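# Chain and residue survey
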Amino acid sequence: MELQEAINHRHSVRKFQDKPVKREVITKIVQLAQRAPSWVNSQPWQVYCAMDNSLQKIKDAYHKQDTVGNHGQPDLPVMNREKWAAQTQANMKEWRHEIVHHFANFDEAHEEMTNASASLYHSPVILYITIPKASPDWSIFDAGLFAENLMLAATDCGLSTIPTYNSVRFPTILHQILKVPENERFIVGISLGYPTETTINTYRSKRRPVNEILHFN
Ligand SMILES: Cc1cc2nc3c(=O)[nH]c(=O)nc-3n(C[C@H](O)[C@H](O)[C@H](O)COP(=O)(O)O)c2cc1C
């Protein structure tokens, strides 16, 4: 697949097939992601692959937390929507409006989105990206570059992805099940797998016109 095709083809999938992903493919994708640039080549990332038993344990533990109404406490704090800059708030509002209207009605949208989130998208694999707690903000930037590389490499291998905050809401659970050292923090979880052919997966998010974000001087 050409790079431009992969960039345009990648989109977030929120319902995966119950079909495993081969370890060799996961290894290849992560190895390609490692080509990402980083501050003085510090390569701050680690990747923890949750699948089979470990992923089921995570899903069960998250479900338990959701049942008691615990929203979680991710290592990267979530900022109240009203505090975001006006344009970013407007973009998020537009996204929410668009995805809801992609479904037949509001109830279906609500149900599908809630189920997707509660089931961790039926992901057969989640790749958890961590960085050391002893890191500058630049390492978060580096982890983002690594994550996008990973998702594009996955696209090139015929796989679908979604990066989620949802999957890193309970770091204590993740440290325990994935045996992640306490001196690392979770940046994001990337679900990986084969998509189902459902409404939730056919939505394509929009972008601002390029002249609104590109400034020549
Ligand atoms: C850091 C990050 C966290 C995200 N967390 C979630 C999430 O918890 N749940 C979700 O449904 N989508 C999540 N997304 C996916 C975004 O909603 C999605 O990337 C955005 O709407 C653009 O759509 P696209 O990925 O299909 O291009 C997240 C994306 C990023 C980059």
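Remember, it's a predicted structure, so these values are computed and weren't measured experimentally.

### Re the pattern of salt bridges
In total, this model carries four salt bridges according to the counting rule given. Residues Arg208 and Glu94 are paired through a salt bridge, measuring 3.1 Å at the closest nitrogen-oxygen approach. Here the residue Arg208 occupies a position in the segment after helix H8 (199-202), and Glu94 occupies one in helix H4 (residues 86-102), the gap between them amounting to 114 residues. Where Glu212 meets Arg208, a salt bridge forms, and the shortest distance between an N and an O atom there is 3.0 Å. Here Arg208 falls in the partly exposed class, since its relative accessible area comes to 29%. Via salt bridges that share partners, Glu94, Arg208 and Glu212 belong to a single interconnected network.

### Things to note about the UniProt feature "domain: Nitroreductase" (unreviewed entry) in the protein
Residues annotated by UniProt as "domain: Nitroreductase" (unreviewed entry) correspond here to residues 7-194. As a span, residues 7-194 carries 47% helix and 15% strand, and end to end its C-alpha atoms are 17 Å apart.

### Comments concerning the pairing of strand S2 (residues 125-132)
The element S2 is extensively covered by neighbouring structure, given that seven of its eight residues are classed as buried. Inspection of the sheet shows strand S1 (residues 46-51) paired to S2 by six bridges, in the antiparallel sense. Considered in S2, the bridge of Val47 is made with Ile129. Relative to strand S4 (residues 184-193), S2 runs antiparallel, the two sharing eight bridges. Within S4, the position partnered with Thr130 by the bridge is Phe186.

### Details of the packing of helix H3 (residues 52-67) against helix H7 (residues 171-178)
For the pair H3 and H7, interaxial distance at closest approach is 10 Å and the crossing angle is 155°. As the angle between them shows, H3 and H7 are arranged roughly antiparallel. Handedness of the H3/H7 crossing: right-handed. Contacts between H3 and H7 pair Ser54, Lys57, Ile58, Ala61, Tyr62 and Gln65 from the former with Ile173, Leu174, Ile177 and Leu178 from the latter. Among the residues making up the contact of H3 with H7, the classes are represented as seven nonpolar, two polar and one charged.

### Thoughts on the site of the ligand
Among the 13 residues in the neighbourhood of the ligand, the closest are listed as Arg10, Ser12, Arg14, Ser205 and Arg207. Here a nitrogen atom of the ligand sits 3.1 Å away from a polar atom, N or O, in the side chain of Tyr121. For the ligand, a nitrogen atom lies 2.9 Å from a polar atom in the backbone of Tyr165. Considered on its own, the ligand offers 610 Å² of accessible surface; in the complex 66% of this is hidden by protein. Of the residues in the shell around the ligand, the class split is five nonpolar, five polar and three charged.

### Comments concerning the nonpolar core
Ranked by internal contacts, the top residues of the largest apolar core, which has 24 residues, are Ile26, Ile129, Phe146, Leu150 and Leu192. Looking at this core, the element that brings in the most residues is helix H6 (residues 137-156), giving seven residues. For Ile129, the residues in contact, after removing those within four places along its chain, are Trp45, Gln46, Ala143, Phe146, Ala147, Arg185, Phe186, Ile187, Val188 and Ile190. Grouped together as the second largest cluster of nonpolar side chains are 17 residues, Tyr48, Ile58, Tyr62 and Leu174 included.

Reading guide: rules and limits
Residues numbered from 1 in each chain as written. Predicted model: local features only at pLDDT ≥ 70, side-chain atom pairs only at ≥ 80, totals over all residues. Heavy atoms only, no water. Salt bridge = Lys/Arg side-chain N within 4 Å of Asp/Glu carboxyl O. Helix = DSSP H or I, 4+ residues; strand = E, 2+ residues; numbered from the N terminus. Buried < 20%, exposed > 50% of the residue type's maximum accessible area, 1.4 Å probe, protein only. UniProt positions renumbered as here; feature names shortened; annotations may be inferred. Pairing = 2+ DSSP bridges. Axes fitted to C-alpha atoms, helices over the stretch in contact; angles between N-to-C directions. Parallel < 35°, antiparallel > 145°, perpendicular 65-115°, else oblique. Left-handed = near helix turned anticlockwise from the far one by under 90°. Contact = heavy atoms within 4.5 Å. Nonpolar A, V, L, I, M, F, W, Y, C, P; charged D, E, K, R; others polar. Near = heavy atom within 4 Å. Polar contact = N/O pair within 3.5 Å; in protein donor to acceptor, adjacent residues only side chain to side chain. Areas by Shrake-Rupley, 256 points an atom, 1.4 Å probe, with all protein chains shown as cover. Core = buried A, V, L, I, M, F, W, Y, C linked by side-chain atoms within 4.5 Å.

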